[in-house]
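# Inside the fold
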Amino acid sequence: MAPQTTPETQAGATLSLDGKSLTLPVVRGSEGETAVDVQQLRAKTGMITLDPGFANTGSCRSAITFIDGEKGILRYRGYPIDDLAQHSSFLEVAWLLLHGALPTRAELGTFTHDVTHHTLLHEDFDRFFDAMPKDAHPMPVAAAAVGALATYYQDPETEDNLRDAIVRLIAKMPTIAAYSYKHSIGQPSMYPQNRLDYASNFLRMMFATPCEEYEVDPTLARAIDLLLILHADHEQNCSTSTVRMVGSSRANLFASVSAGISALWGPLHGGANQKVIEMLERIAAEEGSAEVFLNRAKDKNDTTRLMGFGHRVYKSYDPRAAILKKACGEVIGRMKSASRMLDIAMRLEEIALKDDYFVSHKLYPNVDFYSGVIYKAMGIPMNMFTVMFAMGRMPGWIAQWLEMRNDPDTKIARPRQIYTGATQRAYVPMAKRG
Ligand code: ACO
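Predicted model, so just to flag it, every value in this text is computed and none were measured. Position numbers for residues count from 1 along each chain, tracking the sequence in the order it is written. Where totals are concerned, whole chains, interfaces and linings use all residues; where local detail is concerned, this predicted model gives features only for residues with pLDDT of at least 70, and gives and counts side-chain atom pairs only at 80 or more. The side-chain figures draw on all heavy atoms in the structure; neither hydrogens nor water molecules are used.

Moving on, we come to the domain arrangement of the protein. As annotated, the domain borders come from an automatic or database domain assignment. Considered domain by domain, the protein is made up of domain 1 (1–52), domain 2 (75–269 + 382–406) and domain 3 (272–378). Taken over C-alpha atoms, the centre of domain 1 sits 39 Å from the centre of domain 3.

If you want it as structure tokens, here you go:
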């Protein structure tokens with residue numbers, strides 16, 4: 001396991017209420033982050049804390065991913081994202097997230113073998129895909145398919161069965177993603193092939209047909225692998241918190257991850273990568289509209305947002321966006337595809353980063369700003385972008401779910417509320433209501 005520092009708890013913050021004072025423990029993390037532990041607040045004062053969107057609430061202690069949003073730092077299990085992006089592979093990173101340490105050569109070999117040999121879906125799954133409308137968006141199809149895996153693997157949750165479930169989820173996600181795409185375009189699904197690596201297998205299942213083989217370009221496979229690494233975990237974001245929340249009721253891993261996929265779909269979360277390209281295409285269609293678009297995004301009376309910009313945690317450049325911007329150039333060069341989308345994205349970024357509104361609000365490109373540009377250059381259809389994100393996030397969701405399950409402090413997630421509705425009223429019979 002990774003070196004793990006138990007957060008230090010010390011008596012600390014004093015709260016004054018109605019002339020009385022209460023001292024609450026202060027918890028310090030291994031990177032110096034501090035939190036006031038309010039667990040005893042209600043028992044001692046009858047009060048709760050109010051924090052819409054949990055924007056300032058630590059929901060757990062976690063040793064998986066560290067982000068410093070002010071400095072633009074992202075580390076998985078202590079390893080900087082740039083190093084992992086440069087030297088590692090997705091399955092290596094998946095192992096790291098799951099086990100807390102980089103794998104040995106033998107461990108990675110066994111893990112790769114296991115994942116490679118669990119990619120097939122049960123043949124009965126064909127009927128599942130057939131039951132979906134032809135124009136179904138692949139995200140709800142993927143969420144439903146992952147949830148449906150729970151019906152095929154219903155064994156009790158022993159350590160061995162859980163290990164199998166983890167391998168199956170990571171192994172079958174590319175198959176589910178590619179099958180949902182093939183179904184949406186009316187083509188037969190392509191079986192996975194064990195001779196191919198994780199990313200190449202996915203690309204082939206997407207683009208080969210029974211009539212024509214698809215030769216995987218190693219540059220594109222490496223770009224997919226990189227994208228998966230960059231998406232692999234991001235601490236307590238909306239979808240991960242959803243996975244933890246669902247799992248806190250002791251729902252199984254498949255059900256919890258399926259809920260996470262649904263949470264990821266929203267345009268303010270993973271769905272933003274599709275929205276970025278829709279935005280860039282609109283700007284491309286209307287000459288000179290980048291500035292007009294930015295003005296709309298700044299207008300408080302307009303709901304338009306600059307998609308792929310801003311982040312709850314990052315208040316400087318998202319390090320993943322920096323890596324992707326560089327990778328965009330390489331993929332586009334390789335594909336010899338028109339760089340129009342990249343040009344517009346870079347121009348938008350340039351003017352936004354000089355604009356007072358974006359500077360004062362600390363809004364920078366996030367991971368979704370450039371990921372769609374790469375996917376598009378590779379020929380991946382727009383409605384598959386968020387499914388790609390889900391494929392990458394899978395090991396992170398699982399690692400966070402495991403951490404939650406193994407944490408003795410885990411309780412069923414059940415926030416409180418401040419009720420603002422009507423106070424007690426007398427029921428009015430229908431006859432008297434008019
Ligand atoms: N364009 C214009 N203004 C923005 C944007 C944006 N993209 N993002 C935030 N703002 C403004 C808000 O209007 C608000 O302004 P105000 O304080 O003057 O009222 C301020 O910045 C803070 O915004 P919030 O929405 O309160 O910030 P929050 O942390 O809740 O939201 C979020 C973060 C959802 C990512 C937001 O920045 C956004 O909607 N971005 C666009 C969608 C997007 O790219 N999402 C992907 C995020 S990364 C991921 O999930 C993988």
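Additional details are given in the paragraphs that follow.
Our next topic: the packing of aromatic side chains. When the centres of two rings from Phe, Tyr and Trp lie within 6.5 Å, Trp using its six-membered ring, the rings pair. Their planes under 30 degrees apart give stacked, over 60 give edge-to-face, and anything left gives tilted. Under the counting rule described, the total for this entry stands at 14 aromatic pairs. Summarising the aromatic geometry, the rings of Phe90 and Tyr198 are spaced 5.3 Å apart at their centres and angled 40° between planes, so their arrangement reads as tilted. Of this pair, Phe90 sits in helix α3 (residues 90–99) while Tyr198 sits in helix α8 (residues 198–207), and the two are 108 residues apart along the sequence. Here's how the labels work: a residue is buried when its accessible area is under 20% of the maximum for its type, exposed when over 50%, partly exposed in between, all with a 1.4 Å probe on protein chains only. Here Phe90 falls in the buried class, since its relative accessible area comes to 0%. In this text, helices come from DSSP runs of H or I with a minimum length of four residues, and strands from runs of E with a minimum of two, each type numbered from the N-terminal end.

Quick look at the nonpolar core now. The biggest cluster of nonpolar side chains holds 123 residues, and the ones touching the most others in it are Ile170, Met279, Leu280 and Leu306. Between two residues, a contact is recorded if the distance between any of their heavy atoms is within 4.5 Å. Look past the residues within four positions of Leu280 in its chain and what remains in contact with it is Met341, Ile344, Ala345, Leu348 and Val373. In plain words, nonpolar cores are sets of buried Ala, Val, Leu, Ile, Met, Phe, Trp, Tyr and Cys residues tied together by side-chain atoms within 4.5 Å.

Let us look at the site of the ligand. Taken together, 20 residues form the shell around the ligand, and within it Arg305, Leu306, Gly308, Arg312 and His361 come nearest. Contacts to the ligand include Lys300, whose side-chain N or O atom sits 3.1 Å from an oxygen atom. Pairing of N or O atoms within 3.5 Å defines a polar contact, subject to two protein rules: one partner must be a possible hydrogen donor and the other a possible acceptor, and residues neighboring in sequence count only if both atoms are side-chain atoms. Separating an oxygen atom of the ligand from a side-chain N or O atom of Asn366 is a distance of 3.0 Å. Considered on its own, the ligand offers 920 Å² of accessible surface; in the complex 74% of this is hidden by protein. Lys, Arg, Asp and Glu make up the charged group, whereas Ala, Val, Leu, Ile, Met, Phe, Trp, Tyr, Cys and Pro make up the nonpolar group; the residues left over, Gly among them, are polar. Of the residues belonging to the shell around the ligand, the class tally is ten nonpolar, six polar and four charged. Formed jointly, the shell around the ligand draws a minimum of three residues from each of two domains, domain 2 (75–269 + 382–406) and domain 3 (272–378). By convention in these notes, a residue is near a molecule or strand provided one of its non-hydrogen atoms lies within 4 Å of it. Here, Shrake-Rupley sampling with a 1.4 Å probe gives the accessible areas, and only protein chains in the shown set may cover a residue.

So, about the pattern of salt bridges. Salt bridge criterion: a side-chain nitrogen from Lys or Arg within 4 Å of a carboxyl oxygen from Asp or Glu. Applying the stated criterion to the full structure yields 19 salt bridges. What emerges from the salt-bridge pattern is a single network uniting Glu159, Asp160 and Arg163.

On to the pairing of strand β5 (residues 73–76), then. Bridge count between strand β4 (residues 65–68) and β5: four bridges; the pairing is antiparallel. By the bridge assignment, Phe66 is partnered in β5 with Arg75. In this antiparallel pair of consecutive strands, β4 and β5, the connection spans four residues, and Gly72 shows a positive phi of 70°. Strands pair, by our definition, only if DSSP identifies at least two bridges between them. When β5 meets strand β6 (residues 79–80), the two strands line up antiparallel, connected through two bridges. Bridge assignment links Tyr76 to a residue of β6, and that residue is Tyr79. Between the antiparallel neighbours β5 and β6 lie two residues, among them Arg77 with a positive phi of about 50°.

Turning to the environment of Arg433, a few remarks are in order. Tracing the backbone shows Arg433 in the segment after α18 (385–406). For the pair formed by Arg433 and Arg222, sequence separation is 211 residues and the distance between their alpha carbons is 68 Å. Setting aside residues no more than four positions away along its own chain, Arg433 makes contact with Tyr427 and Val428. A distance of 3.1 Å separates a polar atom in the side chain of Arg433 from a polar atom in the side chain of Tyr427. In terms of polar contacts, Arg433 uses its side chain to reach the backbone carbonyl oxygen of Val428, at 2.8 Å.

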